[in-house]
Amino acid sequence: MAQGCEKDTVLCGPIVEWLHNAAWAPLVASTITIVLILVLAIVVRKLSHRLITRVVTRAATGGSLTSRFRRNGVATEGIDALLHERRKQRAETMGSVLKHIASIVILGTAVLTVLDRLTIPIAPLLTSVGILGVAIGFGAQELVKDFIAGMFMLLEDQYGVGDVIDCGSAIGTVEAVTLRVTRLRDADGRVWYVRNGTITRVGNESQGWSRAYVDVPVAYDSDVTTVRALLENVAEEIWADAEFRETQIVEQPDVFGVEALSDASLIFRISAKTLPARQAQVARELRYRVKAALDSAGVAMVASA
């Protein structure tokens, strides 16, 4: 300990001189130095955690991502809530990872510094730790793979809570995301736990916007111009409806015209760009309105080939 104190001309040396170079001065000075190092490490760790918490809180309570879909000051509260929960969980997970990394770096540096003050050789210790790390890495490859995949998934914001995704092994709504596993609930209510390292592709049906398609099969001898005009009126009516415009539908639906034909039917298609995960609800409303419009005009629908 005395040898370590002799090497320190910044703190330990001046303390020894202040104690008039007494025989016990190096021991006291080294003890004080070690205590100060540990206290400084704890303070720095606490400050770094507080900074990370502040950044995470700001990221989790950021502005609404659906402001472009507001109309007359009315927001899509459901979508905002899902996006907020998604953003919050992503930020908290990343904050937890950053806190652990900061703690390991700061406290690890402090411990190595204290060992150096105690004149304990740290080279063999570092070598042993390195060998142990390699052994653990080989023994826990799948776990490490899951954590690395989870880190990149969160950083790239591939999906989050509330998203409907297809990850190959399961299809469903994301209920929770951690660094190791993703929890999904499918349409039948089953809960799936998918390890992040096993996900090689992800199809996200809830990111940005979705699209609803409605195919309308009518008799082959139906007048194309009349049917198309009826469908365009339906598209204009639903776009003018305040219950759907910019709260469920992003743009006015398009009528593509004759999408397919056979010897028995003509198939028209209507396409509507919707908010994420609202395509099924919009498609049902379009079918209802199309059926009513065709019945009023006396246009018969047939089974599609």
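Residues numbered from 1 in each chain as written. Predicted model: local features only at pLDDT ≥ 70, side-chain atom pairs only at ≥ 80, totals over all residues. Heavy atoms only, no water.

*Asks:* Hey, could you run me through the overall build of the protein in this one?
*Replies:* When its secondary structure is counted, the protein shows eight helices and eight strands. Buried residues in the protein amount to 36% of all 305 residues. For the protein, the computed accessible surface area is about 17900 Å², with 60% contributed by carbon and sulfur atoms. (Helix = DSSP H or I, 4+ residues; strand = E, 2+ residues; numbered from the N terminus. Buried < 20%, exposed > 50% of the residue type's maximum accessible area, 1.4 Å probe, protein only. Areas by Shrake-Rupley, 256 points an atom, 1.4 Å probe, with all protein chains shown as cover.)

*Asks:* Looking at this structure, how should I read the pattern of salt bridges?
*Replies:* For side chains of opposite charge, pairing can occur when their charged atoms come near one another. In this structure the tally under the stated criterion is 14 salt bridges. Its salt-bridge partner being Arg-195, residue Glu-142 comes within 2.8 Å of it at the nearest N-O pair. Taken together, the positions of Glu-142 in helix H6 (residues 141-156) and Arg-195 in strand S4 (residues 191-195) put the pair 53 residues apart, joining distant regions of the chain. Owing to a relative accessible area of 28%, Arg-195 belongs among the partly exposed residues under this scheme. A salt bridge links Arg-183 to Glu-175, with the shortest nitrogen-to-oxygen separation between them at 3.3 Å. (Salt bridge = Lys/Arg side-chain N within 4 Å of Asp/Glu carboxyl O.)

*Asks:* Can you walk me through the packing of aromatic side chains in this structure?
*Replies:* The geometry of an aromatic ring pair is captured by two quantities: the separation of the ring centres and the angle between the planes. Within this structure, the stated rule accounts for zero aromatic pairs. Above the face of the Trp-209 ring, Lys-273 is positioned so that its terminal group lies 4.3 Å from the ring centre. (Phe/Tyr/Trp six-rings, centres within 6.5 Å; stacked < 30°, edge-to-face > 60°. Lys NZ or Arg CZ within 6 Å of the ring centre and 35° of its normal.)

*Asks:* Even after reading the chapter, I still don't get the packing of helix H7 (residues 224-240) against helix H8 (residues 279-297), so can you show me in this structure?
*Replies:* How two helices sit against one another is set out by the angle between their axes and by the gap between those axes. At a minimum axis distance of 10 Å, the contact between H7 and H8 shows a crossing angle of 135°. Comparing their axes, H8 and H7 come out oblique. Seen along the crossing, H7 lies across H8 with a hand that is right-handed. Judged by residue contacts, Leu-230, Leu-231, Val-234, Glu-237 and Ile-238 of H7 engage Glu-285, Leu-286, Arg-289, Val-290, Ala-293, Leu-294 and Ala-297 from H8. Tallied by class, the residues present in the contact of H7 with H8 amount to nine nonpolar, no polar and three charged. (Axes fitted to C-alpha atoms, helices over the stretch in contact; angles between N-to-C directions. Parallel < 35°, antiparallel > 145°, perpendicular 65-115°, else oblique. Left-handed = near helix turned anticlockwise from the far one by under 90°. Contact = heavy atoms within 4.5 Å. Nonpolar A, V, L, I, M, F, W, Y, C, P; charged D, E, K, R; others polar.)

*Asks:* So what exactly am I meant to see when it comes to the sheet that holds strand S1 (residues 164-166) here?
*Replies:* Remark on secondary structure: sheet strands pair via backbone hydrogen bonds, oriented parallel or antiparallel. Reading across the sheet, the five strands line up as S4-S3-S2-S1-S5 and stay open at both edges, with antiparallel pairing between neighbours. Only two strands of the sheet have a single neighbouring strand rather than two, namely S4 and strand S5 (203-204). Sheet topology places S1 next to strand S2 (residues 171-177); three bridges connect them, and they run antiparallel. Residue pairing across strands places Asp-166 opposite Ile-171, the latter belonging to S2. (Pairing = 2+ DSSP bridges.)

*Asks:* I tried to follow the nonpolar core on my own but got confused; where do I start?
*Replies:* A general tendency of soluble globular proteins is for nonpolar side chains to be buried together. Core analysis: the biggest nonpolar cluster contains 25 residues, and Val-216, Val-218, Leu-231, Phe-268, Leu-286, Val-290 and Leu-294 have the highest contact counts within it. Broken down by secondary-structure element, the contributors of at least two residues to this core are strand S6 (210-219), H7, strand S8 (265-274) and H8. For this core, the leading source of residues is H7, giving seven residues. Setting aside residues up to four positions removed in sequence, Phe-268 forms contacts with Val-214, Asp-215, Val-216, Val-218, Val-224, Val-227, Arg-228, Leu-231, Gly-257, Val-258 and Glu-259. (Core = buried A, V, L, I, M, F, W, Y, C linked by side-chain atoms within 4.5 Å.)

*Asks:* I tried to follow the pairing of S4 on my own but got confused; where do I start?
*Replies:* Consecutive residues of a regular strand have side chains that alternate between opposite faces of the sheet. Sheet topology places strand S3 (residues 181-185) next to S4; five bridges connect them, and they run antiparallel. What sits directly across from Leu-184, in S4, is Trp-192. The turn joining S3 and S4, which pair antiparallel and follow one another in sequence, is formed by five residues; a positive phi near 95° is taken by Gly-189.

*Asks:* Would you take a moment to explain the confidence of the model for the protein for this structure?
*Replies:* Low-pLDDT portions of the prediction should not be read for the details of their coordinates. Summary statistics for the protein give a mean pLDDT of 80 and a share of 80% for residues scoring 70 or more. Segment residues 63-75 is flagged for pLDDT under 50; beyond a separation of four residues in sequence, or across chains, it makes 21 contacts in the model. (pLDDT = per-residue confidence, 0-100.)

*Asks:* Would you mind going over the pairing of S8 with me for this structure?
*Replies:* For S8, the buried fraction is high: nine of the ten residues fall into the buried class. With ten bridges connecting them, S6 and S8 associate as antiparallel partners. Bridge pairing in S8 links Ala-212 to Ala-272. Alignment of strand S7 (residues 254-261) against S8, held across six bridges, turns out to be antiparallel.

*Asks:* Even after reading the chapter, I still don't get a nonpolar patch on the surface, so can you show me in this structure?
*Replies:* A contiguous nonpolar patch, built from Val-35, Val-39, Val-43 and Leu-47 and spanning about 330 Å² of accessible area, is present on the exposed surface. Among the structural elements, Val-43 can be located in helix H3 (residues 25-60). (Patch = residues over 30% accessible without salt bridge, like charges linked within 9 Å, V, L, I, M, F, W, Y side chains within 5 Å.)

*Asks:* Explanation requested: the sheet that holds S6 in the structure shown.
*Replies:* Pairing in this open sheet of three strands is antiparallel, and the strands run S6-S8-S7 from one edge to the other. Bordering the open sheet on either side are S6 and S7, each of which pairs with just one other strand. For this sheet, the mean inter-axis angle between neighbouring strands, taken without regard to orientation, is 25°. Taken strand by strand, H7 contacts S6, S7 and S8, and its axis lies near 140° from that of S7.

*Asks:* Any chance you could explain H8 here in plain terms?
*Replies:* Since the α-helix turns once every 3.6 residues, residues separated by three or four places project in the same direction. Given a rise of 1.5 Å per residue, 19 residues ought to cover 27 Å, and the 27 Å separating the end C-alpha atoms of H8 matches this to within 8%. Restricting attention to buried positions, one finds in H8 the residues Val-282, Ala-283, Glu-285, Leu-286, Arg-289, Val-290, Ala-293 and Leu-294. The arc that holds the buried residues of H8, viewed along the axis, is 165°, so those residues lie on one side. Residues Arg-284 and Tyr-288 are exposed on H8 and point more than 90 degrees away from its buried face. The elements touched by buried residues of H8 are S6, H7 and S8. Once H8 ends, the next one or two residues include Gly-298, with phi positive near 75°. (Expected span 1.5 Å × (residues − 1). Arc of directions from axis to C-beta.)

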